[in-house]
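Given next are the chains, with one letter for each unit.
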Amino acid sequence: MTRKDNSQPDMRMLTEQINPRYMDLDSWPTAEVIAAMYEGQLNAAAAVCQALPAIASAVDDAVPALRRGGRIVYVGAGTSGRIGVQDGSELLPTFNWPADRVVFLMAGGLGALVRSVEGAEDSEADGARATTEAGIGKNDVVIGIAASGTTPYTIGALRAADSVGSVTIAIAANPGAPLLAVARHRILVETGPEVIAGSTRMKAGTAQKIVLNLFSTAMMVKMGRVYRGLMVHVRTRNAKLRRRAEAIVNELTGCGENSAASYLERAHGDVKIAVLIALGMDPDQASRAIERHEGDLRHAIAETSGGHG
C-alpha cells in the first residue's frame, strides 16, 4: 500500500513468538521435522498473496524513475541483506541490467555477506550515512528489507532516502513495523511465528525472496527487457549466452539457426536489433527503432509491420 502518513500503529512481533506446535520439534523423528519445516515454507509462499497489490503499486512507481536513469538500491542487514544482494546480483546476467545501476547498502559492508558483523545493524545514523555516501537521489528506487521491520540501519537508510524523494519500498513481516512507516510503499507479508522462534531465515526469508523475485522481475518486464517470455535483453558474453541469443532470434523470427547467428553478428550481439534485422530492417534502422520505443521490442516490431506486430 502507499504511505498516507508517518504514524506508527501498534506493532506485533509475530516473527519472534513461539509456536506451541513446534515446542517439542527437537524430539521428533527427522521426517516429521522436515515435513513441519516444509509446511512452513508453503505457508510463507501463500502469505505473499496478500501483498500482490502493494508489489504492483511499487513496480508502477519504480519504472518511471528507472527510465529517468535511477538505480535499484537494496538495503538490509543479516539474512535480509543477503537476500537483497542475491536478487540484485542476478539482474545483471539475466536482464543485462547495468552494474553501476545496482547499489547494495549492507549493514557491516559487503563482508557481512559471509561473516556476521556484530552490532552493525544497530545504528540509524549509519544507515542514513550510507545513503548519503551512495548519493541516493529522487530517481533511485530504494528497497529496505527487514523481517522484523525494526532494524535501525535499514530504517535510517530508508528514512534518508525518503527525505530526498526516492521511491522507497519497505518489506517486513510484522504488522506495525517502524520500517513500514518510513517508506512510500509498504509491502507487509505476515508469515507469523517461525518453526524455530525468531529464525527469520526460514518463513520470513522465503517470503522476502519471493517478493523480491516478483518485484525486480516485473520491473525488468516493464522496462522492455522481456518479450514473449524471453530474455531479449541478454548479451552474448559467453558461449552459453550466444546459443541462448541465437535460439531467441530463431524462435521470434523463424529465420533458422545459421541466419540467427549472422543477424546477431550484424547486431553486435544485441538480440532486439538482430530480431529487427531478421524482419527486414538494417542495423541503423533497428537501433533507432529500439531507441524510439525505449527498448520495447513489441512496439518496435509493431512499427515494422504497420501496427500489426
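Residues numbered from 1 in each chain as written. Predicted model: local features only at pLDDT ≥ 70, side-chain atom pairs only at ≥ 80, totals over all residues. Heavy atoms only, no water.

**What to know about the overall build of the protein**
- For the protein, the helix and strand inventory stands at 12 helices and five strands.
- A buried classification covers 46% of the 309 residues belonging to the protein.
- Taking all contacts inside the protein whose residues are at least 6 apart in sequence as the whole, residues at least 24 apart take part in 67%.
- Within the structure as shown, the protein displays about 14600 Å² of accessible surface, and the carbon and sulfur contribution to it stands at 50%. (Helix = DSSP H or I, 4+ residues; strand = E, 2+ residues; numbered from the N terminus. Buried < 20%, exposed > 50% of the residue type's maximum accessible area, 1.4 Å probe, protein only. Contact = heavy atoms within 4.5 Å. Areas by Shrake-Rupley, 256 points an atom, 1.4 Å probe, with all protein chains shown as cover.)

**Comments concerning helix H9 (residues 257–266)**
- Buried within H9 are the following residues: Ala260, Tyr263 and Leu264. On an axial view of H9, the arc spanned by its buried residues comes to 100°, and they lie on one face. Among the exposed residues of H9, those oriented more than 90 degrees off its buried face are Asn258 and Glu265.
- Buried-residue contacts for H9 involve helix H8 (239–253) and helix H10 (271–278). (Arc of directions from axis to C-beta.)

**As for unusual backbone geometry**
- Residues other than glycine seldom take positive phi values, yet Asn96 does so here, at roughly 55°.
- Mapped onto the secondary structure, Asn96 falls in the loop between helix H3 (78–95) and strand E2 (102–106).
- Taking the relative accessible area as the measure of exposure, Asn96 reaches 15% and is therefore buried.
- Of note, His268 is a non-glycine position whose phi angle comes to about 55°, a positive value.
- Within the secondary structure, His268 is located in the loop between H9 and H10.
- Judged by relative accessible area, His268 falls into the exposed class, the value being 75%.

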